[in-house]
Amino acid sequence: QVQLVESGGGLVQAGGSLRLSCAASASGSIYSINVMGWYRQPPGKQRELVASISSGGNINYEDFVKGRFTISRDNAKNTVTLQMNSLKPEDTAVYYCNALVSVPAMSYQYWGQGTQVTVSS
């Protein structure tokens, strides 16, 4: 299994910045963590992808965060970081770390507990 622990959430004013971090702890047989990413769930809405990064460094950003957020990954440490700049009130959400874990014949999705990001006007 993989345990994901997020940190770095908080309350900021519009235009401010936050840095979210996620540390993955693996137990048992793990072939690889192919993709790590960040999702968010605004109040009253469904969970949505924010950004993801593969073990090879391929990055995907959703349009609403392009130019403002930066995702990075340390493959050796199995950590993923989301640097969020120019935050807007609509960025307010619970942010979840996600990992896609592969074994030779299967893949699994793991989720962190989430960290609250609140952006005030």
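Residues numbered from 1 in each chain as written. Predicted model: local features only at pLDDT ≥ 70, side-chain atom pairs only at ≥ 80, totals over all residues. Heavy atoms only, no water.

A. The arrangement of the environment of D91 in detail. With respect to the element layout, D91 can be found in the loop between β8 (79-84) and β9 (93-103). The spacing of D91 and R68 is 23 residues in sequence and 11 Å in space, taken between C-alpha atoms. Look past the residues within four positions of D91 in its chain and what remains in contact with it is R40, R68, F69, S86, V117 and V119. (Helix = DSSP H or I, 4+ residues; strand = E, 2+ residues; numbered from the N terminus. Contact = heavy atoms within 4.5 Å.)

B. A look at the environment of A93. Inspection of the secondary structure puts A93 in strand β9. Each C-alpha atom, one on A93 and one on Y39, is 9.5 Å from the other, the two residues being 54 residues apart in sequence. Those residues in contact with A93 that lie beyond four places of it in its chain are R40, Q41, P42, T115, Q116 and V117.

C. Looking closely at the sheet that holds strand β3 (residues 18-26). Read from one edge of the open sheet, four strands run β1-β3-β8-β7, paired in antiparallel fashion. Of all strands in the sheet, those with a lone pairing partner are β1 (2-7) and β7 (69-74), marking the two edges. This sheet shows a mean twist of 15° between the axes of neighbouring strands, independent of strand direction. (Pairing = 2+ DSSP bridges. Axes fitted to C-alpha atoms, helices over the stretch in contact; angles between N-to-C directions.)

D. Expanded view of the pattern of salt bridges. Per the stated rule, a full pass over the model turns up four salt bridges. The partner of D63 in a salt bridge is K66, with the nearest N and O atoms 3.1 Å apart. A network of salt bridges, in which partner residues are shared, links R40, E48, R68 and D91. (Salt bridge = Lys/Arg side-chain N within 4 Å of Asp/Glu carboxyl O.)

E. The arrangement of the pairing of β1 in detail. Every second residue of β1 is oriented toward a common face, the buried set being V2, L4 and E6 and the non-buried set Q3, V5 and S7. Of the strand pairs in this sheet, β1 and β3 are connected by six bridges, and their pairing is antiparallel. Across the sheet, the residue bridging to E6 is C22, located in β3. (Buried < 20%, exposed > 50% of the residue type's maximum accessible area, 1.4 Å probe, protein only.)

F. Region of interest: the packing of aromatic side chains. Inspection of every chain in the model, using the stated rule, returns one aromatic pair. Taking 4.9 Å as the distance between ring centres and 70° as the angle between the ring planes, the aromatic pair formed by Y39 and W111 counts as edge-to-face. Residue Y39 is found in strand β4 (residues 32-41), and its partner W111 is found in strand β10 (residues 106-111); the two are separated by 72 residues along the sequence. Using a relative accessible area of 22% as the deciding quantity, one classes Y39 as partly exposed. Classification of W111 as partly exposed rests on a relative accessible area of 35%. Taking NZ or CZ as reference, R47 lies 3.7 Å from the ring centre of Y96, over its face. Between the NZ or CZ atom of R47 and the centre of the ring of W111, over which it lies, the distance is 4.6 Å. (Phe/Tyr/Trp six-rings, centres within 6.5 Å; stacked < 30°, edge-to-face > 60°. Lys NZ or Arg CZ within 6 Å of the ring centre and 35° of its normal.)

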